[in-house]
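These are the residues of each chain, in order.
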Amino acid sequence: MNQPETLCDIPAKQNSERSLKHIAAWTHLYGHAKVVAGWQFVFSVPFALAMSLIALGWPAAKVVTTPLSLLFGWIDVLCLDRIQTNRKKTAAKMQEEFDCELFGLGWNEIRCSAPPETEVLNSAAEAFQRKPAKANHRDWYPVVVGQLPLPLARLICQRAAVWWDMAQRKKYAHRLIAVVAILIVGVVAVSFTADQRVRDMVLSVYLPIAPAVVWAVREYIRQTDAVAALEKLKAQIEKIFGEAISGKRRLDEVGLLSRNVQDMIFDGRSRNPLFFDFIYNRYRPEHELRMNEKAKEMVEDALAKRKQWAGGL
């Protein structure tokens, strides 16, 4: 005899005090990491472009602009990048704990090491609460998943998290490479109008601008690699979900697969490059709408096939 169907409590649980504290904490830490990333951008692009223009207008300044460009390049690699990585890893662990508690998944200590310390969690959450402007963090995942049992609802939420991250990175990567390319082409075009020898142009213009080129290419490659990995993971989640609602997989088998999916999500959060908040804020309303539309579609598809998967409860 089949067990009675139990609907998930994700919609209510994600708005609990503890859940909202997790969201506030990782938002603060990711924000700090993005500030560091902002300084990396300033040193690598606007600063490098300014050094090139200064050296172009005053050739004698290259004895200062060239070593300064190299110095800030080393500061980026040896200092700023490490700070950003540490903040990002801590924030990813808080996000992982939030998901594990919400989705009923055990903590994978082998993959994630120890859970975030309570003191760090509370401190970061309180720091966020002290900010004058606070984002609405309620209903983090689509509330429509409350119509399904946990194994199916969890997959929809995991897919939503992956799709959201992927969609933002696509927009960021395209705009990043376009803006930086325009700036660099502009500097190079100006350099050709100056009456300088090739050797002087290399020292005065192209060498100072090199960090900007390296930063732009590195960020674009990292973002597109992250998008490719997220697209692959999204396809896997959709495949598992489709097999589950069609009765090809028992729902009690989906838990292990969801744990594997969650491991991949954590890896992406802790390793993938950041993008600035203007992308998140600019597209949040549209992304929320699309995310909820897709979640509703998946829920309706599952409910239409209830007879095929209900026996696997």
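Residues numbered from 1 in each chain as written. Predicted model: local features only at pLDDT ≥ 70, side-chain atom pairs only at ≥ 80, totals over all residues. Heavy atoms only, no water.

Trainee: Looking at this structure, I do not really get the layout of surface pockets. What am I missing?
Mentor: It is a probe the size of a water molecule, rolled over the atoms, that shows where empty space is left. As a volume, the largest pocket reaches approximately 990 Å³. Around the largest pocket, the lining comprises 42 residues; the ones closest to its centre are Trp26, Trp140, Trp164, Gln168 and Tyr280. Contributing elements (two or more residues each) for the lining of the largest pocket: helix H2 (17–44), helix H4 (62–103), helix H7 (150–193), helix H9 (251–271) and helix H10 (277–304). Looking at the lining of the largest pocket residue by residue, the classes come out as 20 nonpolar, ten polar and twelve charged. (1 Å grid on protein atoms, 1.4 Å probe; cavity = no way out; pocket = protein on both sides within 12 Å on 5 of 7 lines; lining within 4 Å. Points joined across faces, edges and corners; volume = space filled by probe spheres on them. Helix = DSSP H or I, 4+ residues; strand = E, 2+ residues; numbered from the N terminus. Nonpolar A, V, L, I, M, F, W, Y, C, P; charged D, E, K, R; others polar.)

Trainee: Just to check I follow, could you spell out the pattern of salt bridges for this structure?
Mentor: When the charged atoms of two side chains with opposite charge come close together, those side chains can pair. Evaluated as defined, the whole model comprises 19 salt bridges. Three or more residues joined by partner-sharing salt bridges are found here, namely Glu96, Arg111, Arg259, Asp263 and Asp267. (Salt bridge = Lys/Arg side-chain N within 4 Å of Asp/Glu carboxyl O.)

Trainee: I would appreciate a short explanation of the side chain of Asp267 in the present structure.
Mentor: Looking at the secondary structure, you find Asp267 in helix H9. Asp267 has contacts with Arg111 and Asn272, leaving out every residue within four places of it along the chain. (Contact = heavy atoms within 4.5 Å.)

Trainee: Explain the packing of aromatic side chains here, please?
Mentor: Each aromatic ring pair is specified by the distance between its two centres and by the angle formed by the two planes. Inspection of the entire model under this criterion finds six aromatic pairs. When the centroid spacing of 5.4 Å and the interplanar angle of 45° are considered together, the rings of Phe103 and Tyr141 count as tilted. Of this pair, Phe103 sits in helix H4 while Tyr141 is found in the loop between helix H6 (118–129) and H7, placing the two residues 38 residues apart along the sequence. Across the pair, exposure class does not vary: Phe103 and Tyr141 are buried alike. Of the aromatic side chains, those joined through ring pairs into one cluster are Trp26, Phe98, Phe103, Trp140 and Tyr141. Between the NZ or CZ atom of Lys34 and the centre of the ring of Phe275, over which it lies, the distance is 5.5 Å. Here the guanidinium or amino end of Lys171 rests over the ring plane of Tyr283, the centre of that ring lying 5.0 Å away. (Phe/Tyr/Trp six-rings, centres within 6.5 Å; stacked < 30°, edge-to-face > 60°. Buried < 20%, exposed > 50% of the residue type's maximum accessible area, 1.4 Å probe, protein only. Lys NZ or Arg CZ within 6 Å of the ring centre and 35° of its normal.)

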